[in-house]
Every structure is written in structure tokens, then in C-alpha cells.
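# Examination of the molecular architecture
These are the residues of each chain, in order.
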Amino acid sequence: MFSKEESRILRQEFWTSFGKSFPRKWVLYDTKLKGLSFKFHFDNKTALVALDLEDDLENRINFWEKLVALKSILLEEYLPEAIYEEAYFLENKKEISRIYVPLEQKVSIHNKNSWRDVMEFFNKNMSLFEAFFEEYKEVIEG
């Protein structure tokens, strides 16, 4: 087990190392679309990349319908492993809509031996997610 401080330091080391290994500006929150953002997630059990819709329900539904219409393109041309969840609950019980790609291997941010696999997974899959978004941003914005 790790103390909170040890865990915090390991998390900081991972993200610093990731930034140095793959130095580029990710879109993440800078989508220019209110309530739509990209996220990296890595904890002591899982790693995933996600496109989250967190705005008011009307705006969420609007974006969600457009993303569902683009689902076959996303799955066939970009991310065949992507999972669509219209009602996804975060740990804090907040409901969002999420499209995500999980890393299908057991990993932990506390295990430095898994970091390289996660970094490569993040780089590959977020790059594809962003390419899809850039190509279809106008459709999603609608």
C-alpha cells in the first residue's frame, strides 16, 4: 500500500514522464465546444482515453445524437474498441455521456513497469480520437 503522499508523487512522476516522452499539445479541454472534453484516466486499476459530455442535459443530448450518427465512422476508421455510454456515472455519482477506449490489460499507476504500455496506449488512442474530432468537429458542432 502507498500513502497518499507516495501515491501523489507517483502520479506526478507518471504525468511528467508522459509529457516528456510524448511532448505535444493535446486538445483535452480546449475543444471550443462547451461541455465536450477529452480525458486521460489512469489509476491503480485501469487506463482509458475518453470523450466526455458534461454540460446541461439539452447540450449533452445534442452532442450525443451527432456522435451516435458518427459512430460507425469512429469505430471503422479510428477506434474500433470505442465504447459508447449515454449514461456513464463518475466516481462522484455525476452522470455524463462518455465515449471511451479502455486499455485491456491490468495496469496500475503505482507500478512503474506498466507506465510505458499506458503511455503508448494514451499516445496512440488519443491521437486517433483527436484526428476523428478534427475531421468531424463541424458536424458535431452542427
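Keep in mind that what you see is a predicted model, and the values were worked out from it rather than measured.

What counts as what
Residues numbered from 1 in each chain as written. Predicted model: local features only at pLDDT ≥ 70, side-chain atom pairs only at ≥ 80, totals over all residues. Heavy atoms only, no water. Helix = DSSP H or I, 4+ residues; strand = E, 2+ residues; numbered from the N terminus. Rg over C-alpha atoms; globule rule 2.2 N^0.38 Å. Buried < 20%, exposed > 50% of the residue type's maximum accessible area, 1.4 Å probe, protein only. Contact = heavy atoms within 4.5 Å. Axes fitted to C-alpha atoms, helices over the stretch in contact; angles between N-to-C directions. Parallel < 35°, antiparallel > 145°, perpendicular 65-115°, else oblique. Left-handed = near helix turned anticlockwise from the far one by under 90°. Nonpolar A, V, L, I, M, F, W, Y, C, P; charged D, E, K, R; others polar. Pairing = 2+ DSSP bridges. Lys, Arg positive; Asp, Glu negative; His and termini not counted. Salt bridge = Lys/Arg side-chain N within 4 Å of Asp/Glu carboxyl O. Expected span 1.5 Å × (residues − 1). Arc of directions from axis to C-beta. Polar contact = N/O pair within 3.5 Å; in protein donor to acceptor, adjacent residues only side chain to side chain.

Another aspect to go through is the overall build of the chain. For the chain, the helix and strand inventory stands at 4 helices and 4 strands. Each helix and strand of the chain, placed in order from N terminus to C terminus, yields the pattern α-β-β-α-α-β-β-α. Relative to a compact globule of 142 residues, whose C-alpha radius of gyration would be 14 Å, the chain shows 16 Å and is just as compact. With the principal axes as the frame, the chain shows a C-alpha extent of 45 × 30 × 25 Å. Out of the 142 residues in the chain, the part that is buried amounts to 45%.

Among the secondary structure elements, histidine 110 is positioned in the loop between β4 (95-102) and α4 (115-141). Not counting the four nearest positions on each side in its chain, histidine 110 is found in contact with Phe2, Ser7, Leu10 and Asn44.

Here helix α1 (residues 4-21) crosses α4 at 50 degrees, and the two axes come no closer than 11 Å. With respect to each other, α1 and α4 are oriented oblique. Crossing geometry of α1 relative to α4 is assigned as right-handed. Seen from α1, the contacting residues are Leu10, Glu13, Phe14, Trp15, Ser17, Phe18 and Ser21; seen from α4, they are Trp115, Arg116, Val118, Met119, Phe122 and Asn123. Looking at side-chain class alone, the contact of α1 with α4 contains 8 nonpolar, 3 polar and 2 charged residues.

Turning to the pairing of strand β2 (residues 47-53), a few remarks are in order. Among the 7 residues that make up β2, 7 are buried, leaving the element largely enclosed by the rest of the structure. Burial of β2 is two-sided: the residues Ala47, Val49, Leu51 and Leu53 facing one way and the residues Leu48, Ala50 and Asp52 facing the other way are all buried. For strand β1 (residues 36-42) and β2, the ladder comprises 7 bridges, and the chain directions are antiparallel. Note on β2: the bridge partner recorded for phenylalanine 40 is valine 49. When β2 meets β4, the two strands line up antiparallel, connected through 6 bridges. Bridging across to β4, alanine 50 finds its partner in tyrosine 100.

Here we take up the side chain of lysine 137. Mapped onto the elements of the fold, lysine 137 is located in helix α4. The buried charged residue lysine 137 lacks any salt bridge partner; its closest oppositely charged side chain belongs to glutamate 141, at an N-O distance of 5.5 Å. Contacts of lysine 137, omitting those with residues within four sequence positions, involve Thr31, Lys32 and Leu33.

Moving on: helix α2 (residues 57-69). In an α-helix, one turn spans 3.6 residues; hence positions three or four apart end up facing the same way. A rise of 1.5 Å per residue sets the reference length of α2, with its 13 residues, at 18 Å; its end C-alpha atoms lie 18 Å apart and thus fit the reference within 8%. Taken residue by residue, α2 has Asn59, Arg60, Phe63, Trp64, Lys66 and Leu67 as its buried positions. Down the axis of α2, the buried side of the element spans an arc of 165 degrees, and every buried residue falls inside it. Summarising the geometry of α2, the exposed residues directed more than 90 degrees from the buried face are Leu57, Glu58, Glu65 and Ala69. For α2, the capping residue at the N-terminal end is aspartate 56, with a side-chain oxygen 3.2 Å from the backbone nitrogen of glutamate 58.

This next bit is on the environment of lysine 66. The topology assignment puts lysine 66 in helix α2. When the C-alpha atoms of lysine 66 and asparagine 123 are compared, they prove to be 25 Å apart, with 57 residues separating the residues in sequence. In contact with lysine 66, other than residues within four places in its own chain, are Val139, Ile140, Glu141 and Gly142. Among the polar contacts made by the side chain of lysine 66, one reaches the side chain of asparagine 62 at a distance of 3.0 Å.

That's the geometry; what it means functionally is another story.
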